[in-house]
Every structure is written in structure tokens, then in C-alpha cells.
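# Architecture and fold: a report
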Amino acid sequence: MTTTDVNSAIRTDPFLLEIVRNHLITTCKEMGIAMMRTSYSPMFNEALDFSCVVFDGQEEMIAQAPFVPAQIGSTVHVVPTAIAEIGVENLRPGDVVFTNDPYRSNCHLPEFVVVKPYFHEGKVLAYTANIAHMTDVGGMVPAAFGDHQNIFQEGIRFPPVKIYEEDREVESIFKILISNVRTPKHSYGDMKAMIGSLYLAERRLAELVERYGTDTFVQCCEDIKDVSERLMRAEIASWPDGEYQASGELEDDGVVPDRPWKINGTVVIRDDELIVDFTGSDPQCFGPANQTFGTTASAAYNAVLHMVRSDIPYNHGCYRPISVIAPPGSFVNVSYPASCTGGNSDTHPTTVDILLKAFSQFSERSSAADGGTCGCIGFGGEDPRTREPYAHLHLEGVGWGGRDDADGNDAQFVKNGNCANTPVEVAETRYPFLNLEYQLEPGRGGYGRHRGGYGTRRIFRFLSDGVQISSHTNRHRVRAWGLFGGEDGTNTVIGFRRNGETEWVRAREAFGCASYGKFSGVVMNDGDEMLFVTPSGGGYGDALERDPALVLLDWRDELLSAEDAREVYGVVIDEASGQIDGAATDARREELRAGGESR
Amino acid sequence: MSVRVGVDTGGTFTDLVLFDEDTGELRMSKVLSTPSRPSRAVFDSFAKAGLDTHDIAYFVHGTTVATNALIERKGAEVALLTTDGFRDILRIQRVTRPNHFDLHWVKPRHFVPRSRCIGVPERVLRDGSVLVPLDEQRLREEIERLRDGGGVAAVAVSYLFSFVNPEHELRTRELIDELWPGTRVSLSHEVLPRWREYERTSTTVLDAYLKPLMHDYMAGLEEECERGGIGQLLVLRSNGGVMSADRAREQPVALVRSGPSGGIMATAALGKALELGDLIACDMGGTSFEACLLPASEPAFTNLEELEYGVPIALTMVDARAIGAGGGSLAWVDAARILKVGPQSAGADPGPACYGRGGTEPTVTDANVHLGRLTADFLLAGDLALDADAAARALEPLAERLGLSRERVAQGIVDVANNNMAQALRLVSTDRGYDTRGSTLVAYGGAGPLHACELARALRIQTVLVPRYPGAFSAFGALLADTRFDYTQTSWMRLRQLDLERANDLFASLEGRALDDFRREGFTEAPRLVRSIDVRYVGQNWELTVSMPGGELTRADFEQAAQTFGEEHERFYGYSIPGEELELLTFNVAAVGTRHTVELPRIETGPAPEPIARRPVVFRADDGPVETAVYRRESLLAGVELAGPAIVGQVDATTLLPPGAVARVDEHANLLIQVEGAA
């Protein structure tokens, strides 16, 4: 199907279709507002690490909103899997199905998935679903990120089960859940918020069906998907047929020191279809950096959707032209019982950037790599102010890669997520630590015609003894790559210092961990401090082609020294007048071009 | 000295509504706005209304000057002082993006360049204790550096946890006043005493950004008013209350929704006077549409507003949802060949094609003209001619592209615009769990009454109210608005460890401030004080607002509040957790002072007039044109009933009654329409 005639995909009234589609997207947004307002963990109510979606009776997604790409992509697989295991015939009105099993196409164990069938006149007409990152899931470290070597260390795992039966809590499931996590009260409240959002969504679906009737609703669902499918196919058809291969590495797995793990991605474009083939990637690793199939498929969708125009309504139709090949037992399709928490947080963005590198072989609209980490650092212990246990997952923005039309954005959440930072005033109110610093890190790197965005620098000071710290972060060694001559970005840094000390030490040297960024078992005490610097993005294009006005702006913003402006960009700034010396700049750029490799 | 006026300056028109206290007469005038010097249009409107300014006892001004300064980024150069180590807060923001799959989105720049974001050594902790004392020496140096560097006209100060302990911010202002007198200063704990530092800082920066401009504008207007012998000048705030002009100068960010809040306040007043219960205000002008929910005729408020994505103004303001849908909104077809309307607008220049001023692209107004719904007979008393042929020509390319008749396309444009507006109406109503079906839709703005019945049908609303002067309704609202100030103080307290004395002290202190402010505003009577507390389950991060009774609070009052919270949580979010511990977070007092009541003038009863014309109008393209009677609004006396199809025209708006709708004129000259026939 190569036709771009989208109208013929519309069997309902186009005006009505617009109304129904908007109504469904609004429903997802409203679910999100309810989640934010009623949930307990800052992961939900500040960081917004959840995604609300609506599926139709065919178990295909008909609506999503700007939530977390990694989660949304995996729902394409995990929602039908969960329904199939329970069996549609076993679903009753008021049931809610729950799973967090990574081996069933979920992205990783902390992603809790709840699905509720919407019944109308005895038939399932749609499903409302919510996939949300639960802060603590039991396991060996608070907040689930570290150097796990198997699923049992990661935490408690639920295959698809009913957590609500006919509008009532299934007590045994709740009891098992809250008995296996560090913060039972929060986990309970968060589950209720998730399920509450499904009830809210169902009310909105009922309005729609009541108003337009079942037949029209069902037809609209089909049209919604078909329209998006045609738009996607038109985009893909506009790309040159061919095979575009690229590879890249995740720097380590947290278990084997200095051993990078390779991802090989080949984008095959044939007419209006696209195959993403990961054959040739490394076998699964020993730590938690493996991707599940759900994560890998989601990363493939994520890359393609970043390449197409941004006004296509996102739903199942977008995924139809995309096939994903990921060899089982590999780094991109983990087998039981290997660990995989960090595959979703840090391997996913690297996978996307590798595919964007493949796309750059025919498109300038691709971009350099981003900071490639969600900055997951888990904190846990007992709050001395309340004597209650706490578990908190810290997330952080990174620099994004330069692109054809602009610099990469500074301090933005990495491509697999769309989470917010937690305000200092909220974090300090809820947890026993301080933030002494949180600002941009104008590190030296990521230069280019359009430079990579900057990461951030934060210093924590702990206010209690026995704070357990674990982390799954990336780019301590392998930096965000540049594109079309742009330079690589800067590194992540995690450092520690004991009360009164002045030097930062890293987890590997100070605590004997295998990795700088993927570790557990670090314990901080009252007055100790931790440094967290996130990486910048890679640069795009030759730094010597950067608009001098942009160089001057960075200098005025105190993000670039006059010396670096001259050495890196060949732009000579007269510091006294604050202006560019045009003639000197031309000469300097000439000199640097001639000097070439001496730079 | 007997006349009171409300004046609303919009992007295109400046509207005036006058109330003569002696005769009870209500009158309007409408002049073109003068954006380069808005006060000129204000005085033009006085002249057009035939007013001697010395007769004006009381003048309430609703203005879009602050709004436009923000949209066009024409405010002052600002410097920001933050806690040392946090200077990049405006650049970091909340690290999210509006579209999750867009490689080309550029994060918005906030209003202060990094070189003027300065960290000051100081640090207050969550409990108000001081970890790092304010380094006054460093601060002096930074202030002098800013002063001597030139260019900066205002300073925003936003330190961490200043809303718990404001000492450092207050001392900072003292030092600025001492070293650099005349500089405008905004302190975060005064602008927005709430947690979440980015939202507070953003709001404070916007306040500082507007301050020099609004200060000059207000001072100029005050001076002209004084010269003209005008008694008292008040300004409409975003929260629907009014404040004195000198106070408005000090907190200009409170004026960003000054314009629309007038219409919403007018809606509230009318709803209460007529005992209409739940209302939805819909204001459709030339370029934008604003919707606001008023349960029990009380406006809804929000503090989650954003100027653009990532740039919040977290101040209490009327919860109006604005979208780009007005008479001038352009119709177009996207790549999926789906018909879209707006948000781009033909504006006032060139305006819709039918205005005959060079516009060639089809707008909502052109579609209405083509369908026969809008006639030139009344608009601006005939000042504005409508060219139906130009409207038809503008529709032609879309008709060809879609393979539909022009009529069908015109119908489609109206339908899509209506759908967009209905969506905005839903967003303000369903976020809070309200069912709109029992509400009355109050339609105003130049284009509101034309679309109202169809919007009502889309939302299953049975009753539409079109006020007497829909085009000048916002100005009317300015005239009616109460003086309202909001006072808040965040103070964590668990209900099980309720410190009754502290809770009472908190309210007493907020109310003390309210009484002081009202004295300053020239009130002799005490304001009405409305208390509430933001409450949540311990562990949640966002709150529901629960109202509290006045007087000395007892434990029983708090138990009642807990019960109300559970009920509200259930209603909004579909569940509650009985027995779960509650946390009291922010104590709020809204102080409302009523100036004088405007008596709605009454009109005589009388028989239905003969229509002044009959014309073919298309209501459904499939059905073809329907012969429709046209009436002059002024000729409709109380008790008159009109059955649709009918058009009611007046100088400032056109009301469309589709077939099946029945309108009744009430004793105050409002049109009350039953959209599905008599109730």
C-alpha cells in the first residue's frame, strides 16, 4: 500500500473522526493529570514516569499522549500479551489485569502495567492501560537500579494476574506486593492512583460510545489506525530503499570491568515498509544492561518516530509498517533469568542513537547522540525525621545532540523518557538529603556547527547515616558521538567524598565496584557528599562552520571561554568590546582548516 | 460624580460599559484599540460614550497590556538573583518536552540571559533554619556590578525555601533599595509563596519583566485619570478581583489575564443574579476562544498556567482555557487532508476575506457569511461592510481540494471550529470531574453568540444565555468585579498531629494581612474572608483544596474537612483511601470586598416585533438553506419569545438561533435560549 491518499482510509465522517481521536488523546492526558495529582512517589507526581494509553477491542493502541516513549512502545506488545494470558473470555467488567514481567515484552521489572477492559453491552469494546515506573520493587537495592546479575536480585515479579476482580481489590495480590517492597504505603497508594486513572478513562470512553454508538466508535478506531498507518507509509516510501547499517557500544554492564557491549542495527527500507534488524549484536551481558524484546522494539519505534514528521497521530497504525528482528539470548533480547533493569534506562537511548546514525546515511534530519542515560541513582534508608524507610529514584536531564537546524537542547530528559526533574524543595522536604548545587555543566566537548546541549552538575549532601546508594548510569567512558564532523560530547561523572574531605572519588576506585556508573552497595553517612555530572550531547557538523553569532552568544552566556572560542571554533572575540573580530576570525578559521589534525 | 465605567482594552477593540448610579442607565461604547499607547483608546472610549471624565466616580480597567508584553516579549531587561549553585534554574527548567518524538523542538529561552542569572551565597532549609547566612558583602558587589553594567531595569530574587523563611529575600531588597534606588524588585516569596522552585522563580521573573512597563503604564494612566478628575482607578486582576492601580504596579504578573477575567466575572455575577447554577463561560472574539467553568456560578481558578511550554506562571488566575479559534481563524487542509481551523488567524489586518481589506484565505467568519449566518446589517452600526462574494471566493480552493461543495466546506469549517472549542470547553470541565449537562452556557465576545447553540449541543447543554451586550461583556465584568486578594502560606502539618493553635494563628495572620490591605485600598468595611486548606494524603505531592469555616477553628472542623477531602477525592479521581492519614499543606485566605452592586436595568415587556428581514440561512449543508427571520436585538422587549430559525443582530454581535431552539427575552434584556426547544 503506497498510496498517500489518506482520505480513502476514512470510512467515518472526517469531522467526526477528528472529534473522536481528540477525545481519546484528551482521555490519556486526563489520566496523566489524575496520576500526577493522586500518586505518592515523586517518580509519578513530579517526574511523571508513567504513560497512559487506550487500546481498542482488537487490542491495538488507538491513543497515547506525550508521555514516556520507552513505555508507550512496549505497551504495543505487553498489553496484548497480558490480555492473552488471562484470556479475553475470562475478563469481567471491573477487572484489572496487572503484570511487571520483563520476559513478557514489558520493558523492565519496575514498569508496572495495569490494563482494564471496557465492557459495553457485554462485549469488550476497548482497554484502558497505564504503565508506570514503580520506585521500589523489592530486590537487592532500594529503587531497583544497580549491578544486578539476575532477575531475582531485581525484585518481585508478577506474571499477568487480576489485581481487581469486578471492581474489588484482589487482596492476596496487594498483600504479596506490599510485603515485598520497602515502601508499602507508597506502593499501595501508587497502585491505587494507577488503577484510579483507568476508571477515569473508562468514564470518558463511555461518554463517547453513548454519544456516537458502538458501530461508529468501532469504525473510528479502525480509521484512526489506518490514517496513521498511511501517513507512516508515505514517510517511509519517501526514503531511499536500501540497507543502512550502524553499530555502537554500551560502555559496560556493571559486572565485567571495561567490557563494552555492542549493538548492531541495520535499517532495511523497502518501499513503504521498514525492518530494523539487530542481528550481529553481542550476546546478553552479565549485568542489568540487557534489553528485553519490548524495550528493543520500543527503541526501534522510537528512532523511526523521531525521524518522521511530528504531526502524525501516534497509535497502532504507526507501528504496522515496522518489523523488528532481535535474536533471542542477545543483548537486545534478553532471556530468563538474566537481568535487564538498565536496558530500559540506558541501553534504549543508545540503541535509538545507533539507529539515528544509520538514518544519517541518507538523511540530514538525523542528529548526533544524546547524553544516553536517565541518570538513575537510587537512594534508600531510614528518614531520621520520621523513622520511616524511604526509597527514592533520582533522574536527571542530559544534553541532546546537535541537529541540522539547531544546537542540542540543554538539560533535557533522554529520548527513551520524558520525565521531569524533582524540585529541590520537594526532594528535600521528603528525603533526608540536601542539594548544594544544581546547574549547567558547560564542559568541553560536543563542539560542532550545532553543538551538543549541556548536561548538569549536582551535589548532594546526606543528612543521615546508612544511606544506600546504587546507580545505573552511562557515558562515564563512551561519550555521545558527534555527527557529520561534530565532536563527541562530555562524560558522566559520579563522585563521592566523606565529610570534611575535598577530593571526589569514584565508585570504582573508592568502593571496589566493577563500573563507574553501574554499581550498588555504596553507603553514605551524615555529612558525606555526592557529585553527579550528566553528559553533554554530541556535536553536529564542523565546528569551524558554526555561526560566529552563536559562538558569541555562548561566550556572553558564560558557557564558553574566549580561548575555546578561538581554538575550537576559530572565532576571535574581543573581550573588551564583547564583539567578534571578523577579520581575525576569518584568518583563524583559515589557519585551523589548514592545520587540520593539529587541533 | 455619579458614573461608573468599566473599560476593557483588547487587541482589536476597546470596549466601555457605563453605569449611571443616578438613573440606573447602562450604556456601551466601542472604539478601535491603540496598541502603541493603550490609554488613548481608553479616553477615546470616554469621548465616544459622551462622557465628561469629571463625572466618572469609579473606573475599573481590564487590560491586555501585560499579556501582550509577554507574548511579544517587550518587557524589561531583568537580572535574577538565586541561591548560589542554582543560577541555571531558568535554563534547566523541568527537563521535559511537549512532543515525545520530535527531534527538532527547541527548548524555550526564559526571560533572563545566563550572564544576568547570579548566585548569591545563602541557604535556607526546609524548616526555615539558615544553613548559609546571606553573604551581604558579595551581594553588595553583585548589585553594584549590575547597577554599573547598565541595561538592567528590574531584579527578580528567588532563593530556595524563601516561602518558609523570607529574611534573605527581604534583606536583598533593602540592599538593592540602598545601593540602586528606583530599581524594580520582585521577591519570590511575595509573588508566589509556594514550593517548587522553578515554577516560583519563573513567575517571579515574569513579574520583574513586566514591572517597569506596567509601572509606567499605570502611573501614566493614573496621572491622566487624576487630570481628568476621575474619582478612583482600579485594575482588574487575573483572578477576577480588582486592585488599586498603585498596587497593580507592584505585582504586574497578577494582570496577565486581566482581560478575560472581566467576562468571567460578569458571567458569575449574571449567573448569581439569575440563579442559573452551573455555568460555562465561552468568549469567542476575533482570534481566540476562552472557556471557563463556573460551578454554582463561581469561577474555577488554576495555578498551573504556562506562558508557553515550560514557562509557567504559577499564580492563581481564572482557569480559562484559551485556544486559537475566533472569527478570524484560518481554515486549512493538512497533509492527511483533514480540514483544520486555526490557530493561525487573519487578525484584524487583513482580516477575513469578507471584510474586503485584502484577505483571501477563508476564515470562520467567511464560512458564517457564506452560510448566511452573519449579516452586515448591524455590525458596528454598519461601519463594517461584509462582502459575501469575497467569502465565497476564499472558500473555493478548499472546496476543490476536498472535492466538496463550498457550502459543505463552510459547514465543515464551522463544525471543526466548534469541535475545537468544544474540546477546550471539555478540558476546563472534565479535569475536575464535572458533568456539563446541567450547566448554562454563557456566550459572549463578538462571535460567541453565533456559535453558542451548536457548542451547547456538542456538550449537551440545554440552556444558552446571551447577555445584553455580548461584545462588551468583559468591560461590563470589569465594572462588576469585587476586590479580591489571595493570601497563602505553606506550612506542613499532619492531621493526626494537628496543632490547632498554629492553624488558627496561620489563618489569623493571613486575615490580618488581608484587613491591612483592604484598609490600604480605601475600604471602610471589612472584606469577606474565604478560608481553605490544600490537603493531601500523606505521601501524595499534589493537593485538593478544601474550604474551611471562619472563626476559631475546632477539631470538629478539621474532621469535617477530612471527610470532605475523601468525598472530593472520590469524585475527582474515582477512589479514596478511608483511614489514610492526611497532611495539611497550604493555608489560603481569599479576601473579597464588594464595592457597590450594579443593579441590572430592567426593560419593558411587550409583544414580539416583526422581523426586519427574512433571508436564506444554511444550518446543515445537507438540508440546504432555510428561510430565516432577522430581528434587531434592541427591538426585543421582555417576555418576547422567538423560535429558531432566527437571527438576532445588534451592533456588537449576532446571535444565531438554529431550528429547534427557542429564545426568551428576560426582564434584563438577556436572551435565554433553550437549544432543543422549550424546557
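We now turn to the structure provided with this report. (Residues numbered from 1 in each chain as written. Chains lettered and ligands numbered in written order. Predicted model: local features only at pLDDT ≥ 70, side-chain atom pairs only at ≥ 80, totals over all residues. Heavy atoms only, no water.)

### A word on the sheet that holds strand β34 (residues 671-674) of chain B
All names here are of chain B. This is how the line gets drawn: Two strands are counted as paired when DSSP detects at least two bridges linking them. Put simply, DSSP H or I for four residues or longer makes a helix, DSSP E for two residues or longer makes a strand, and each gets a number counted from the N terminus. Helix axes use the C-alpha atoms of the stretch in contact, all axes being lines fitted to C-alpha atoms, and the angles between their N-to-C directions lie in the range 0 to 180 degrees. Any pair of residues with heavy atoms lying within 4.5 Å of one another is described as a contacting pair.
Read from one edge of the open sheet, eight strands run β19-β14-β13-β22-β23-β34-β33-β30, paired in mixed fashion. Both outer strands of the open sheet, β19 (321-323) and β30 (641-643), are each paired with one neighbouring strand and no more. Strand-to-strand, the axes of this sheet are offset by a mean angle of 20°, without reference to chain direction. Relative to β34, strand β23 (residues 463-466) runs antiparallel, the two sharing four bridges. Its bridge partner being in β34, V466 is matched across the sheet by L671. Strands β13 (279-284), β14 (289-294), β22 (440-444), β23 and β34 of the sheet are contacted by helix α13 (residues 448-458), whose axis makes an angle of about 160° with β22.

### Points about the interface of chain A and chain B
In plain terms, the rule: Throughout, the accessible surface (probe 1.4 Å) given up by two parts as they are put together, summed over both, is called the buried area. Each salt bridge in this description consists of a side-chain nitrogen of Lys or Arg and a carboxyl oxygen of Asp or Glu lying within 4 Å of one another. Pairs of N or O atoms within 3.5 Å make up the polar contacts considered here, provided that, within protein, one atom can donate a hydrogen while the other can accept it, and that residues adjacent in sequence are counted only when both atoms are side-chain atoms. Asp, Glu, Lys and Arg are counted as charged, while Ala, Val, Leu, Ile, Met, Phe, Trp, Tyr, Cys and Pro are counted as nonpolar; the rest, among them Gly, fall into the polar class.
Residue-level contacts link 94 residues of chain A with 76 residues of chain B. Taken over both partners, the interface formed by chain A and chain B buries close to 7500 Å², and the fraction arising from carbon and sulfur atoms is 50%. For the pair chain A and chain B, the interface holds 10 salt bridges. The partner of B:R109 in a salt bridge is A:D557, and the shortest N-O contact between them spans 3.6 Å. On the surface where chain A and chain B come into contact, there are 41 residue pairs in polar contact (both at pLDDT 80 or more). Looking at the side of chain A that touches chain B residue by residue, the classes come out as 37 nonpolar, 26 polar and 31 charged.

### A look at helix α4 (residues 136-149) of chain B
Residues and elements named next belong to chain B. Spelled out, the test is: To estimate the expected span of a helix, subtract one from its residue number and multiply by 1.5 Å. Only protein chains enter the area calculation, which uses a 1.4 Å probe; residues under 20% of their type maximum are buried, those over 50% are exposed, and those in between are partly exposed. In this description, one arc is meant: the one made by directions from the helix axis to the C-beta atoms.
Across its 14 residues, α4 extends 20 Å between first and last C-alpha, which sits within 8% of the 20 Å expected from 1.5 Å per residue. Of the positions making up α4, those classed as buried are L139, E142, I143 and L146. End-on view of α4: buried residues confined to an arc of 100°, all on one side of the axis. Residues of α4 that are buried make contact with β5 (78-83), β6 (117-120) and α5 (167-179). The N-capping residue of α4, defined by a side-chain oxygen 3.3 Å from the backbone nitrogen of Q137, is D135. Of the residues flanking the end of α4, it is G150, one or two places downstream, whose phi is positive at about 75°.

### What to know about the sheet that holds strand β1 (residues 50-56) of chain A
Strands in a sheet are paired, the pairing made by backbone hydrogen bonds, and the direction either parallel or antiparallel. Residues and elements named next belong to chain A. Ordered in space as β2-β1-β5-β4-β3-β6-β7, the seven strands form an open sheet in which the pairing is antiparallel. Among the strands making up the open sheet, the edge pair consists of β2 (61-63) and β7 (168-169). As defined by bridge partners, β1 adjoins strand β5 (residues 123-133) across seven bridges and the pair is classed as antiparallel. Bridging from a neighbouring strand, D56 pairs with A126 of β5.

### Here's the deal with the packing of aromatic side chains
Condition: Put simply, two rings from Phe, Tyr or Trp (the six-membered ring, in Trp's case) pair if the centres are within 6.5 Å, and we call them stacked under 30 degrees between planes, edge-to-face over 60, tilted for the rest. Placement of a charge over a ring requires the Lys NZ or Arg CZ to be within 6 Å of the ring centre, with the centre-to-atom vector within 35 degrees of the ring normal.
In total, this model carries 40 aromatic pairs over all chains according to the counting rule given. With a centroid separation of 5.5 Å and 65° between ring planes, the pair formed by A:F174 and A:Y188 is classed as edge-to-face. In this pair, A:F174 sits in helix α5 (residues 171-179) while A:Y188 sits in helix α6 (residues 184-212), placing the two residues 14 residues apart along the sequence. The exposure class of A:Y188 is partly exposed, given its relative accessible area of 21%. Ring plane angle 65° and centroid distance 5.3 Å describe the contact between B:F507 and B:F587, whose orientation is recorded as edge-to-face. With B:F507 in helix α15 (residues 500-520) and B:F587 in strand β27 (residues 582-593), this pair connects stretches of sequence that are 80 residues apart. One exposure class covers both B:F507 and B:F587, and it is buried. Put simply, the rings of A:F379, A:Y390, A:Y431, A:F433, A:F460 and A:F462 pair up and form one aromatic cluster. Over the ring of A:W504 we find A:R497, and its NZ or CZ is 3.9 Å from the ring centre. Looking at A:R546, its charged tip hangs above the ring of A:Y569, at a distance of 5.5 Å from the centre.

### As for unusual backbone geometry
The omega torsion across A:Y336 and A:P337 is 0°, close enough to zero to call that bond cis. Along the chain, the position of A:P337 falls in the loop between β11 (322-325) and α10 (341-359). Omega for the peptide link from B:G644 to B:P645 comes to 5°, which places this bond in the cis form. Within the secondary structure layout, B:P645 lies in the loop between β30 and β31 (646-650).

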